[in-house]
2 protein chains.
Amino acid sequence: MSLLITTPHTSKYENWREAFAQIAPDLKVVCGAEQASEEVTYVLTWHPPKGLFQSLPNLRAVFSMGAGVDHITSDPSLPNVPLIRQRDAGMGTQMSEYALYAALHYQRDFDIVRLNQQSQTWAPFVSGVRPRLNIGILGLGTLGSVVANALVQNGFPVSGWSRSKKEVDGVTSYSGEGELGDFLAQTELLLCLLPDTEQTRGMVNQNLLQQLPKGAVLVNVARGALVNDDELLQAIDSGHLRGAMLDVFHIEPLPTEHRFWSHPNIVVTPHVAAETVYAASAQQVSLEIQRMEAGLPPTEVVDPSRGY
Amino acid sequence: MSLLITTPHTSKYENWREAFAQIAPDLKVVCGAEQASEEVTYVLTWHPPKGLFQSLPNLRAVFSMGAGVDHITSDPSLPNVPLIRQRDAGMGTQMSEYALYAALHYQRDFDIVRLNQQSQTWAPFVSGVRPRLNIGILGLGTLGSVVANALVQNGFPVSGWSRSKKEVDGVTSYSGEGELGDFLAQTELLLCLLPDTEQTRGMVNQNLLQQLPKGAVLVNVARGALVNDDELLQAIDSGHLRGAMLDVFHIEPLPTEHRFWSHPNIVVTPHVAAETVYAASAQQVSLEIQRMEAGLPPTEVVDPSRGY
């Protein structure tokens, strides 16, 4: 029995080894796809190399390094074993920080102030005292609920939309296709936290963006594939949207020639909204392995057909 | 008996009139220095025109539109009547928003990300997971305590320095000249909230900045006169300081040729951190007037010799 860790960020192997050495010293950990063997029973991975699973005949479960699993389910050779995602692994706090920063950025007109600084324009009283922006969280799951709480605690009115109705203190919950329009109509800052699935891919398109009120903002910290880039740019350039803060993209690193980089109303951050915390993640993975080795089902299993 | 309101922002007169009409409909309110007369018993002002007080023989008290009173005490014709400042007047919340934004800006490396976007540089994992920045509030008065609470609630370790020891929940309090060095040595983000007095003018100079740890940040939301601009620029250009976010300046509007505008490590905002909220302010002013008309002393009197 051993755990195989693979990620394109190979410089992180040492961090993962250390975290598991601390938390589960008896667990054998190997790093890199070239370590695939009959001995490997568990895989912890981020963007596994295609075909990896074919060289792992004794696989019992696959763990994603993140909250999303699209980077694993896109491999058709994924065998029928439990696919387990990170519950929080320290990401909730980081995602909340990013979301709160984005909310304050637009609440207090730091986007306008930033452009004004470039032209040495002193334009006070743009901020004034205004009601707080209505934040709408598209994807009110585990992370979404943590983020919602942080925003509510800081005085922002928060609503959320998800496939099924959720109960989160102080948050207005919308659900299903039927309530998406109402949700969007009252959202001034749309925070995208949906998983990347067949249903959600390209969902943030012209049709959706036009249902936001004029002057609304998009913040995407989920997956680049959710957004139709051209239609987002069009919505901003037409003046319907005020701007966007984007952490994730169809292709990462974002290609140098992409219009997002130089757009004055778009903030580009390099997929840093929430990085998995090694210790918290290793803790969660080792507890799930203990459960499975004791014959119990793992707790954070993803439904591969749903994608989350 | 009447209240005279004067401010260089004459477009605000209508807001003030409305606020007082709502809150104290019986109070006679006149706007603009040209309305000075024997009838005026109270003045509410921001940067009063020099000599104003000479045309007000029956003055009973002067109210500042802000938390600071330096713009009033600088007029030698100020008579010996109570000088009253805004207690909070809605500024605590706004100042907290600004401070929290600044804290998250540097905590999550948005300063670096912003420069990287300009050069289309994708440099992820600059943020990572780090301990929260130690925030040091220079000037732990009424506003400082409100801001400290907001930062503590969002997980930032906060300390404060003031002339006399203060008790604020969850905040380490330093006081007096003797403890200033210890306070600065542990401060990673220095948030300046001191009043502008003879003692504080120019206090944020090379000597003070050098006592901050390397890589520290300055955020000034108090008064421009506290800072020695050249020495601040030198501290940043030498690499000792990481940067600064500045809302207040020696001369406002900040002159077009000032180096702050174009410095890559300085964020310039046009004195918008906290604007007095008309309703809250009118409420406070009318209560103080009621007290005085009833023969009671006003509550928020400034000691003109101390300056706060």
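Refer to the structure presented above.
Residues numbered from 1 in each chain as written. Chains lettered and ligands numbered in written order. Predicted model: local features only at pLDDT ≥ 70, side-chain atom pairs only at ≥ 80, totals over all residues. Heavy atoms only, no water.

> Please clarify how the sheet that holds strand β7 (residues 158-162) of chain A should be interpreted in this entry.
Backbone-to-backbone hydrogen bonds pair the strands of a sheet. The strands run either parallel or antiparallel. Residue and element names in this part refer to chain A. Overall, parallel pairing links the seven strands, which are arranged β8-β7-β6-β9-β10-β11-β12 in an open sheet. Whereas interior strands pair on both sides, the edge strands pair on one side only; in this sheet they are β8 (171-175) and β12 (266-268). The sheet shows a mean angle of 15° between the axes of neighbouring strands, taken without regard to direction. Direction of pairing for strand β10 (residues 216-220) relative to strand β11 (residues 241-246): parallel, over a ladder of five bridges. What sits directly across from L218, in β11, is A244. Its contacts with the sheet put helix α5 (residues 142-153) on β6 (135-138), β7, β8 and β9 (189-192), and the angle it makes with β6 is roughly 170°. The strands that helix α8 (residues 229-237) touches are β10, β11 and β12; relative to β11, the one it contacts most, it runs at about 140°. (Pairing = 2+ DSSP bridges. Helix = DSSP H or I, 4+ residues; strand = E, 2+ residues; numbered from the N terminus. Axes fitted to C-alpha atoms, helices over the stretch in contact; angles between N-to-C directions. Contact = heavy atoms within 4.5 Å.)

> Help me out: how do you make sense of the packing of aromatic side chains in this one?
Each aromatic ring pair is specified by the distance between its two centres and by the angle formed by the two planes. Scanning the model with the defined rule gives 17 aromatic pairs over all chains in all. Plain terms: the ring middles of W16(A) and Y278(A) are 4.9 Å apart, the flat faces sit at 85° to each other, and that makes the pair edge-to-face. Of the two residues, W16(A) sits in helix α1 (residues 13-23) while Y278(A) sits in helix α9 (residues 278-293), which places them 262 residues apart along the sequence. In terms of burial, W16(A) and Y278(A) fall into one category: buried. The rings of Y98(A), Y101(A), F110(A), Y98(B), Y101(B) and F110(B) are connected pair by pair, giving a single aromatic cluster. Cation over ring: R132(B) sits above F156(B), and NZ or CZ is 4.6 Å from the ring centre. (Phe/Tyr/Trp six-rings, centres within 6.5 Å; stacked < 30°, edge-to-face > 60°. Buried < 20%, exposed > 50% of the residue type's maximum accessible area, 1.4 Å probe, protein only. Lys NZ or Arg CZ within 6 Å of the ring centre and 35° of its normal.)

> Which parts of the structure should I look at to understand the relation of the copies chain B and chain A?
Two chain copies here: they are related by a rotation about an axis and a translation along the same axis. Placing chain B over chain A gives an RMSD of 0.1 Å and needs a rotation angle of 179°, together with 0.0 Å of translation along the axis. Between the two chains, the operation in question is that of a two-fold axis. Measuring from the rotation axis to each C-alpha of chain B, the shortest distance belongs to Y101(B), at 3.0 Å. Mapped onto chain A, 100% of the interface residues of chain B are again interface residues, and the two copies thus contact each other with one and the same surface. (Least-squares fit on C-alpha atoms with pLDDT ≥ 70 in both.)

> Could you clarify how one ought to interpret helix α4 (residues 110-118) of chain A in this entry?
Three- or four-residue spacings in an α-helix give side chains the same orientation, since the helix completes a turn every 3.6 residues. Along α4(A), the residues that are buried comprise F110(A), D111(A), V113(A), R114(A), N116(A) and Q117(A). Just downstream of α4(A), Q120(A) is the residue with a positive phi angle, here 50°.

> What am I meant to see in the pairing of strand β4 (residues 61-64) of chain B here?
Along a regular strand, successive side chains alternate from one face of the sheet to the other. Residue and element names in this part refer to chain B. Where burial is concerned, the two faces of β4 agree: the one with A61 and F63 and the one with V62 and S64 are both buried. The pairing of strand β3 (residues 40-45) with β4 spans four bridges and is parallel. Across the sheet, the residue bridging to Y42 is A61, located in β4.

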